[in-house]
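Listed below, chain by chain, are the residues.
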Amino acid sequence: MSPGAAPGPVPPAAFEAAPPGGGPSCLLPPRPAPCTVVIFGASGDLAARMILPALYDLHRHGALPGGLAVVGAARTPWSDEAFREHARRALERAGRLDQDAWAALAPRLFYQPLDYADPGGCAALAARLDELDARLGTGGNRLFYLATPPTVYADLARNLGAAGLARQGRGFSRIVVEKPFGRDLGSARALDAALHEHFAEQQIFRIDHYLAKETVQNILLLRFANAVFEPLWNRRYVESVTCAAMETLGVGHRAGYYEHSGVLRDMFQNHMMQLLALVAMEPPPAFDAEAVRDEKAKVYRALRPFDPDRLDADLVLGQYGPGAAGGAAAPGYRQEPGVAPDSTTPTFAAMRLWVDNWRWQGVPFHLVSGKALREKLTRIVVRFREVPHSLFRHILGEDIGANRLILDIHPGNAVSLAVQAKLPGARLCLQPATMRFDFDAAHAPARALDAYEKVLLDCMLGDQMLFWRQDAVEQCWGFLTPVLERCEACGAQGAPALHGYAAGSWGPAASLETVQGLF
Ligand code: NDP
């Protein structure tokens, strides 16, 4: 392509076509306005594995605006062509590459080498963006995606502001921040102050891609678009709630990050707290970003602080040792490349917490997450109380299972209700039965948006519903920071034990009962 030529138009939005029956398509929201997506840290892992493939898939499905530019920005001294080749290879690795779709998207990819800490870098970027606006019709709308290590966020936000790139007027300017949002309450506040030097809260999008998963969004619809659940959704009928996010993979090549993070910062401060809030929140008065985020913040405000001297009562921490995965020997955490041989970083946690409000008083919420576990599983189980008087106890004994509502987020995308039913035959025998609704099977061949596609689209549309608001970030850090401090103060009195578990197992024996509650 010659340097000054404009690339061809992006094909029309296939998703915008009305579905059979004539109603508006519910697969995609309206097409966003023209814009430029700037990916800082464009040479990195997240850009290659998530952001570029998500943009490409949105493009393939006609969901991107007609006027679009994607600008990679990082220190690596690449040309536009080198960045395009990097992106092409990333898509090839992901098994996504379609030559025609790529040929239409590639000319819209550009690269700007830049040192994040150098204000001059953002000034040069601003000039490049102006030039692309004029050439590609991107309307002066800019989305700045910070896919760099978090240590760079504050400098970048300041330099963008100093270069005038945070100003809105001609078009929007939005900044997208990936977790972690700080590593404790103090650093989260410092990061927020740096972001707010030039960006207003409405311009800041703090991503939690978990929230963009189809089933996670379904939790709200299940609860608030169906009348049957609400009367049962409280301490009178619910005995306990368990939210689990289990991974089979170990830390792999991300030890540099994980050693400083551990499971509590990596999973609990963000994803697990979001799952908790979706189950525990009150119905919002309206389905809009602020109303929904208000209700989540109220849940975090109601969390009962841990007793730091009795952490073992409510928290099981673990670290995987050597074991087996997929039939082969798997290393322990301390044998992974980049991990200290005496590391005490937890790779597993099972936490019991309490929401001190009218609805949930006395109902334990169990959050479980870990690496190198037996199965990859993300699931929420709402366990209801047992029947108050069992007519069948004298015939069947005591063992009559309680009803459970099971929300499967991965694998599958399903809601199931476990009930007791009669086993056919002359004798009175009960058997557990499951009523299951499988979203994927019910809606095939409709294609749900992948989580990163959804968050990118929402950023372009300016919809903050699925993003963290700073007050909630601070409330969660306020809840977890005392626990982290106690866990990390070496040999501190009352610090919870670090239990070992074999890679490929279900985690430490001390949390087995909680894990069994998932099945
Ligand atoms: P990387 O470590 O791959 O870094 C991204 C890019 O940032 C690198 O290619 C490099 O580009 C630049 N960079 C790396 N180290 C430094 C440094 N010390 N100082 C300045 N620049 C540096 O990160 P990821 O892509 O894995 O993650 C990006 C962000 O997204 C992080 O905040 C991470 O926590 C978050 N995240 C990542 C996930 C993932 O799956 N990878 C999942 C969820 C969140 P160059 O040298 O060219 O400037």
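Parameters and conventions
- Residues numbered from 1 in each chain as written.
- Predicted model: local features only at pLDDT ≥ 70, side-chain atom pairs only at ≥ 80, totals over all residues.
- Heavy atoms only, no water.
- Salt bridge = Lys/Arg side-chain N within 4 Å of Asp/Glu carboxyl O.
- Helix = DSSP H or I, 4+ residues; strand = E, 2+ residues; numbered from the N terminus.
- Buried < 20%, exposed > 50% of the residue type's maximum accessible area, 1.4 Å probe, protein only.
- Domains from an automatic or database assignment.
- Contact = heavy atoms within 4.5 Å.
- Buried area = accessible area lost by both parts, 1.4 Å probe.
- Polar contact = N/O pair within 3.5 Å; in protein donor to acceptor, adjacent residues only side chain to side chain.
- Core = buried A, V, L, I, M, F, W, Y, C linked by side-chain atoms within 4.5 Å.
- Pairing = 2+ DSSP bridges.
- Axes fitted to C-alpha atoms, helices over the stretch in contact; angles between N-to-C directions.
- Parallel < 35°, antiparallel > 145°, perpendicular 65-115°, else oblique.
- Left-handed = near helix turned anticlockwise from the far one by under 90°.
- Nonpolar A, V, L, I, M, F, W, Y, C, P; charged D, E, K, R; others polar.
- Near = heavy atom within 4 Å.
- Areas by Shrake-Rupley, 256 points an atom, 1.4 Å probe, with all protein chains shown as cover.

Student: Just to check I follow, could you spell out the pattern of salt bridges for this structure?
Tutor: Close approach of charged atoms allows side chains of opposite charge to pair. Here the structure, examined in full by the defined rule, presents 36 salt bridges. The residue Arg60 makes a salt bridge to Asp57 at a minimum N-O spacing of 3.2 Å. Of the two residues, Arg60 and Asp57 are both situated in helix α1 (residues 45-60); the distance of 3 residues between them amounts to about one turn of the helix. Owing to a relative accessible area of 38%, Arg60 belongs among the partly exposed residues under this scheme. A salt bridge links Arg359 to Glu282; its shortest N-O distance comes to 2.7 Å. Here Glu282 lies in the loop between α9 (262-280) and α10 (289-301) and Arg359 lies in the loop between β11 (348-354) and β12 (364-370), a separation of 77 residues in the sequence. Judged by relative accessible area, Arg359 falls into the buried class, the value being 9%. One connected set of salt bridges, linked through shared partners, spans Glu290, Arg293, Asp294, Arg469 and Asp471.

Student: Hey, could you run me through the domain arrangement of the chain in this one?
Tutor: On domain assignment, one finds that the chain holds domain 1 (35-178) and domain 2 (211-450 + 467-516). If you average the C-alpha positions of domain 1 and of domain 2, the two centres end up 35 Å apart. Domain 1 puts 5 residues into the contact, and the matching count from domain 2 is 4 residues. Between domain 1 and domain 2 the total buried area reaches about 360 Å² when both faces are included, carbon and sulfur atoms providing 53% of it. Put simply, domain 1 and domain 2 have 0 salt bridges between them. On the surface where domain 1 and domain 2 come into contact, there are 0 residue pairs in polar contact (both at pLDDT 80 or more).

Student: Could you clarify how one ought to interpret the environment of Gln319 in this entry?
Tutor: Relative to the helices and strands, Gln319 resides in strand β8 (residues 315-321). Every residue in contact with Gln319, bar those within four places of it in the chain, is listed here: Tyr333, Arg334, Ser343, Thr344, Thr345, Thr347, Leu498, His499, Gly500 and Tyr501. Among the polar contacts made by the side chain of Gln319, one reaches the side chain of Arg334 at a distance of 2.9 Å.

Student: Which parts of the structure should I look at to understand the side chain of Asp314?
Tutor: Within the element layout of this structure, Asp314 appears in helix α11 (residues 311-314). With a relative accessible area of 14%, Asp314 lands in the buried category. Beyond its immediate chain neighbours, meaning those up to four positions away, Asp314 contacts Phe306, Ala350, Met351, Arg352 and Trp354.

Student: What is the right way to look at the nonpolar core in this model?
Tutor: Formed by 159 residues in total, the largest nonpolar core has its most connected members in Ile39, Phe40, Leu125, Phe268, Met273, Phe365 and Ile380. Of all the elements, α9 adds the most residues to this core, at 12 residues. Two domains share this core, each providing at least three of its residues, namely domain 1 (35-178) and domain 2 (211-450 + 467-516). Once residues within four sequence positions are removed from consideration, Ile39 is found in contact with Ala47, Ile51, Leu52, Leu55, Val70, Val71, Gly72, Ala73, Tyr145 and Ala147.

Student: In this structure, what is going on with the sheet that holds strand β2 (residues 68-74)? I would like to understand it.
Tutor: Sheets are built from strands that pair by backbone hydrogen bonding, the pairs being arranged parallel or antiparallel. With parallel pairing, the 6 strands of this open sheet are ordered in space as β3-β2-β1-β4-β5-β6. In this open sheet, the two edge strands, each paired with only one partner strand, are β3 (109-113) and β6 (204-206). Across the sheet, the mean angle separating the axes of adjacent strands is 20 degrees when strand polarity is ignored. With 3 bridges connecting them, strand β5 (residues 173-177) and β6 associate as parallel partners.

Student: I keep staring at the packing of α10 against helix α15 (residues 470-488) and nothing clicks. Help me out?
Tutor: Two quantities define a packed helix pair, namely the angle between the axes and the distance from one axis to the other. Between α10 and α15, the least distance of the axes is 9 Å, while the angle of their chain directions is 15 degrees. With respect to α15, the axis of α10 lies roughly parallel. The two elements α10 and α15 meet at a crossing, and its hand is left-handed. Contacts from Ala297, Tyr300 and Arg301 in α10 reach Asp471, Ala472, Gln475 and Cys476 in α15. Broken down by class, the residue content of the contact of α10 with α15 amounts to 4 nonpolar, 1 polar and 2 charged.

Student: Got a minute to help me understand the site of the ligand in this structure?
Tutor: Close contacts around the ligand come from 20 residues, with Ser43, Asp45, Arg49, Thr76 and Tyr116 the closest. For the ligand, an oxygen atom lies 2.7 Å from a polar atom in the side chain of Tyr116. Tyr153 is positioned such that a nitrogen or oxygen atom in its side chain is 2.8 Å from an oxygen atom of the ligand. Protein chains bury 76% of the 870 Å² of accessible surface belonging to the ligand in isolation. In terms of residue count, the dominant contributor to the shell around the ligand is α1 (3 residues). Across the shell around the ligand, the residue classes break down as 9 nonpolar, 5 polar and 6 charged.

Student: What's the story with the sheet that holds strand β17 (residues 498-502) in this structure? I'm lost.
Tutor: As summarised here, the arrangement of the 9 strands in space is β16-β15-β14-β13-β7-β12-β11-β8-β17, forming an open sheet in which the pairing is mixed. Across the chains shown, the open sheet's two edge strands, defined by having one partner strand only, are β16 (430-438) and β17. This sheet shows a mean twist of 20 degrees between the axes of neighbouring strands, independent of strand direction. Relative to β17, β8 is paired through 5 bridges, and the arrangement is parallel. Following the sheet pairing, Gly321 is matched in β17 by Ala502. Running at roughly 150 degrees to strand β14 (residues 404-410), helix α7 (residues 214-224) makes contact with β13 (377-384), β14 and β15 (414-422) of the sheet.

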